[in-house]
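For reference, the chains in residue letters:
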Amino acid sequence: MAADSLVLLAADLAGGRVRVVDLTHTLSPDFPPIVLPPECGQSWPFRQEEISRYDDRGSGWYWNNFSCGEHTGTHFDAPAHWISGRDLPNGTTDTVPVQNLIGPACVIDCSAESAADADFLLTVEFLERWEARHGRIPTRAWVLMRTDWSKRTDPVAYQNLDETGQHTPGPSSEAVRFLVQERDVMGFGTETIGTDAGQAIHLKPPHPCHYYMHGAGRYGLQCLTNLDQLPPTGAIIICPPLKMLKGSGSPLRVLALVPG
Amino acid sequence: MVAHDDVVVTAPVTVPYSRYSVRNAHWFCAQALAGLLQSSGLPKSEIDGLCVGSFTLAPDSAIGLTQHLGVTVRWLDYLPLGGACGVVALRRALRAVQSGDAEVVACIGADTNHVDSFRQTLESFSVFARDAVFPYGSGGPNASFAFLTAYYMRLYGATREDFGKICIAQRDNALAYPNALFKKPLSMREYLEGRVIADPIHLFDCVMPCAGAEGFLVMSRRRAENLGLPYARVRSTCERHNAFPEDPIQMRGGWVLDRDRLYGSAGIEPCDVDFVQTYDDYPVMSAMQIEDLGFCEKGAAPEFIRRHTFTTEGSFPINTCGGQLSVGQAGCAAGFLGLVESIRQLSGRNLARPVPNARFGLAVGYGMITYDRGLCSAAAILSRADA
Amino acid sequence: MTAPFTRPKRKNPVLRTRLPLPPPGARSRAALGLSAAAAMGKFKLQVCEACRCVQYPPREACGSCLSPRLRWREQDGFGELLADTQVHLSQEPYFRERAPWRIGMVRLDAGPTVIVHLHSACGPAPCRVRVGARLDKAGQGVLIGFPVDEVANMADDRQLREMTCDPKFRKVLITDGKTAVGQALARTIIAAGADLVWVGQAEPWKRSAGLEALSALPQVAIVPLDLTDSSSVVEAAGSIGGRVDILINNAEVHRTYGISARNGTDAARLEMDVNYFGLLRLAQGFGPAMRGRAADGAAGATAWVNLLSIYALSNFPPHGTFSASKAAALSLSQALRAEMRGSGIRVINVFPGPIDDEWNQPLPPPKLAAEALAKSVVSALKDGVEDVYPGDVAQEWLARWEENPKVLERELTA
Ligand SMILES: [Zn+2]
């Protein structure tokens, strides 16, 4: 039976009946990294240094060295990223069970609300309204919060910083608890820098999405794009991080299989 | 031992000058030595002393030349003293012959001039020049002599016309000298209108660097007479280095310290001198030498110049072959030019323009501007054999 | 008075850019003492410790008493101009291109006779002059005769401008416009007559009110520039590198940790990435074009300024990793200076003491205000000085360091 479905999938992919949507931003030096106070440790932005380009440094080949933090560009948050998930088994990029990295996606469209209010918080009520329309969020699902934030190509607008910090949408503390405890989701994904809202340090607890998701051994995906090309339900995402020893996260390529 | 009075100079030789040469200094030395042998009729084996002045032999010096030229000598000297090397070579050779260290000394001043070699010579001329002159754009002695000339003119009221008079007379002398590079008469108007090099120095105040060689032989009078060589006698010589270091700017040379002895041992007075071969790298130096060697008081040269004429037939013949200003400055050969011309004048060589009845001649050496002034001053009084 | 330097005509784009030819740069080891002093804006000559005789040209032993104990000591430079000349024809290509060139012979009151480049406002001889030392386009010390009394537009003398890097009518890149120092630099250099000032902006999402105010000035243009990003440096160099006459690299990261106060290498690496590798990236990106334009007209490329720190001389342990990164930058800037010297581009290193900014907040005064630092940078450009130590703290450290670097190290580790 399972074998049959894979054969079917292959045929559907070949026939275009299943489309593959890339949910990943290009890793580039211009892509803004997370901003923390300068006295904090800093995540390296993505940087590329040429090793050789068919020249005296290597006549027949082109390649680069690159460097970046684990949480750069479109990236994966492992449970060990947060203090609440520090002692969980299989909480780092090398040990996360690969079975967890492919699963159904529920896309919650908050784009209108985010456009109206950069500090928009996704609430339980909002989720229940979504379920009323699209059905209950299944167990082990990846819940993706669509805000169209990825369409802000100007890094200044994307970061949206002012003197009180960053202003980007995210989930409320209650919504996260609801997803983890009531719906048993696999992970939560956003288009912004952080699975939490820009002002989430003022929530209870601070950074609830990081706190509860990782505390429960669940994952985060950030800086996603093209969520507007996914149906509310029915897509499957594939999101394996690099297998780095004891990694807290990793830049990755996130793909979605979409019927169509 | 040979008596001082019995040492003579003979066989004056000039290797024709050229503005530039593809030959190196060794070639010019070889030509000079060949000329000395030919002129004296001596075989090479008879030359037992060699004294060479050159700036462009590097990395060789006189010793390398012995092998290059195939001469075996028992006395050797190397004197890269520029404008003083002729007189100083004569002094050294004279003592060698006198003391019996050598019997026949070949003295040669030779330098080549490639397209860029003048600049290179300047660049490596001295540590002081490299540190404290060359970076100031003077690019050679022109600017140093511009300072001296300007100061001299201001102090003693000399005019450009005064200097022009010397230059024009020398050019006139050069017209009869076959090896001079400048063969066109020079008018005062041309002199005054010559392009400015470093004011107040204009084009015709400057010598032209070139390639060439000069040489002569030093031997005992008996030897010269046995060989049947016409010669000139060496009556007196002097040299002085780094005289008056306390002078803020050079307005006098070391001759001032030595002139009494110079004339005294020659047994003559300045008025007995029939011609002077000044070291004329710039006309202001001729003026200073006229003063410092006792022909007039310090500062009186402008008036002296106005009073005298300087061609071979003139009242005070100067640089009878044209001097460096008209013949060219072939590096260290320039330090020999006046001596070689003096030997010719005093040994009855076939000259187009002899100084009438010349008995005593004075040849002056000066040079080595390693910083702000010429460090060497030298002079030799020669006489006719019968004087 | 000196004729004021007026805005050079726009370059004819059809003509070949004149190649930089330095004046003669060879010096004896002894003479390098003059260059070393001139690099710091001082005129020093060797003075015999035994007989007090002042020496020139530089030498190995006293010309009077032969003592080898010659010390470089500052001179007031007063003297008498004995003679002066305009050199119209030189053997040296540098001076041929710039003929006529005025030089003079000066008898210093201190004793020696010196040959000097002569300021146009001097003379004619005889007259009193004051001799000073400057660095020439070969980066070597030379002497200049100045008029005793200040005249109008003194800095505009054509020959003097060859020795200095006056910002007047020049185009300047300031690599970081977000700091108070960067903004003060921009304003000061505009006040000094710069035509155009590009200010670098990294991480545009971090707003800077100061930079926004600065960008309202007509002479200011913002250029994206992040020294940690090679591609950003290459892009900036590609777009403006061929026009920058003065580059002021003020971008720096300053963290206030020693070794044990901060685990890991992230802060130290960031310091190195900007302070050291940033300079390397800039030098590779902007160096070649600047070298090529070092003789490009009367206001061509002229100077490269590195904002270092007095801590580059000796480590200040509470800011240990920062000190190390500045020491690395100092070392690299010496290599840059060597590579630039052939062209005549001056590399100026600035060694300020603590700047009055947030990273030095806990340090007691005196601290250097951004405006004071900017002023000293512009003065260094105008004077053509190579090493600048602005502020009281820097001066004190320098004095201690010159006296005995090992003692200074002990003092700092006490
Ligand atoms: Zn002494």
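This text goes with the structure placed above it.
Residues numbered from 1 in each chain as written. Chains lettered and ligands numbered in written order. Predicted model: local features only at pLDDT ≥ 70, side-chain atom pairs only at ≥ 80, totals over all residues. Heavy atoms only, no water.

A. Up close: the interface of chain A and chain C. In this assembly, 18 residues from chain A lie in contact with 17 residues from chain C. Between chain A and chain C, a total of about 1400 Å² is buried, with carbon and sulfur atoms accounting for 53% of that surface. Contact with chain C buries area across many residues of chain A, yet W44, R47 and V156 of chain A alone supply 31% of it, more than any other trio. Inspection of the region where chain A meets chain C yields 2 salt bridges. Residue R281 of chain C is joined to E49 of chain A by a salt bridge in which the shortest nitrogen-to-oxygen separation is 2.8 Å. There are 8 residue pairs in polar contact (both at pLDDT 80 or more) connecting chain A and chain C. (Contact = heavy atoms within 4.5 Å. Buried area = accessible area lost by both parts, 1.4 Å probe. Salt bridge = Lys/Arg side-chain N within 4 Å of Asp/Glu carboxyl O. Polar contact = N/O pair within 3.5 Å; in protein donor to acceptor, adjacent residues only side chain to side chain.)

B. Region of the structure containing the interface of chain B and chain C. If you look at the interface, chain B gives 32 residues, while chain C gives 35 residues. Of the roughly 3000 Å² buried where chain B meets chain C, counting both sides, 62% is carbon and sulfur surface. In terms of surface lost to chain C, no three residues of chain B exceed D131, Y136 and F147 of chain B, which account for 25% of the buried area on that side. Between the two partners, chain B and chain C, sit 0 salt bridges. At the junction of chain B and chain C, the tally comes to 12 residue pairs in polar contact (both at pLDDT 80 or more). Those elements that provide at least two residues to the side of chain B that touches chain C are α4 (117-123), α5 (127-132), α6 (141-156) and β5 (196-198) of chain B. Looking at which element gives the most residues to the side of chain B that touches chain C, the answer is α6 of chain B, with 6 residues. When grouped by side-chain class, the residues that make up the side of chain B that touches chain C number 20 nonpolar, 3 polar and 9 charged. (Helix = DSSP H or I, 4+ residues; strand = E, 2+ residues; numbered from the N terminus. Nonpolar A, V, L, I, M, F, W, Y, C, P; charged D, E, K, R; others polar.)

C. Structural detail: the coordination of the zinc ion. Residues and elements named next belong to chain C. Every protein donor of the zinc ion is listed here as C48 (SG), C51 (SG), C62 (SG) and C65 (SG), and their distances to the metal cover 2.3 Å. Along the chain, the residues that donate to the zinc ion are spaced as C-x2-C-x10-C-x2-C. Pair noted here: C51 is in the loop between β1 (44-48) and β2 (54-55) and C65 is in the loop between β2 and β3 (70-74), with a separation of 14 residues, a long-range link. (Donors = N, O, S within 2.8 Å, 3.2 Å for Na, K, Ca; no water.)

D. Inspection of the packing of helix α3 (residues 85-99) of chain B against helix α14 (residues 334-346) of chain B at higher detail. Residue and element names in this part refer to chain B. At a minimum axis distance of 6 Å, the contact between α3 and α14 shows a crossing angle of 65°. One way to sum up the angle between α3 and α14 is to call them roughly perpendicular. On the side of α3, the interface is formed by C85, G86, V87, A89 and L90, while α14 contributes G335, F336 and L339. Taken together, the residues of the contact of α3 with α14 sort by class into 6 nonpolar, 2 polar and no charged. (Axes fitted to C-alpha atoms, helices over the stretch in contact; angles between N-to-C directions. Parallel < 35°, antiparallel > 145°, perpendicular 65-115°, else oblique.)

E. Highlighting the nonpolar core. The biggest cluster of nonpolar side chains holds 100 residues, and the ones touching the most others in it are F145, Y152, L293, F295 and L362 of chain B together with V114 and L143 of chain C. For this core, the leading source of residues is α6 of chain B, giving 9 residues. Ranked by size, the runner-up nonpolar core spans 44 residues in total, among them L196, V233, A283 and L412 of chain C. (Core = buried A, V, L, I, M, F, W, Y, C linked by side-chain atoms within 4.5 Å. Buried < 20%, exposed > 50% of the residue type's maximum accessible area, 1.4 Å probe, protein only.)

F. Just helix α3 (residues 124-134) of chain A, in detail. Residue and element names in this part refer to chain A. When α3 is considered as a whole, its buried residues turn out to be F126, L127, W130 and E131. Take α3 and look down its axis: the buried residues cluster within an arc of 140°, on one side only. Set apart from the buried face of α3 by more than 90 degrees, the exposed residues are E125, A132 and R133. Looking at the packing, one finds that the buried side of α3 touches β5 (102-109), α2 (111-116), β6 (121-122) and α5 (173-182). Positive phi shows up at G135, right after α3, with a value of about 95°. (Arc of directions from axis to C-beta.)

G. Examining the sheet that holds β5 of chain A more closely. Residue and element names in this part refer to chain A. A sheet is described by the order of its strands in space; here 9 strands give the open sequence β1-β15-β13-β5-β7-β11-β12-β4-β14, paired in mixed fashion. Two strands lie at the open edges of the sheet, namely β1 (18-22) and β14 (249-251), each paired on one side alone. Ignoring which end each strand starts from, the neighbouring axes of this sheet average 25° apart. Judged from the 5 bridges that link them, β1 and strand β15 (residues 255-259) form a sheet pairing that is antiparallel. Each bridged residue has a counterpart across the sheet, and for D22 the counterpart in β15 is L255. Seen against the sheet, helix α1 (residues 2-15) touches β1 and β15 and runs at an angle of roughly 75° to β1. (Pairing = 2+ DSSP bridges.)

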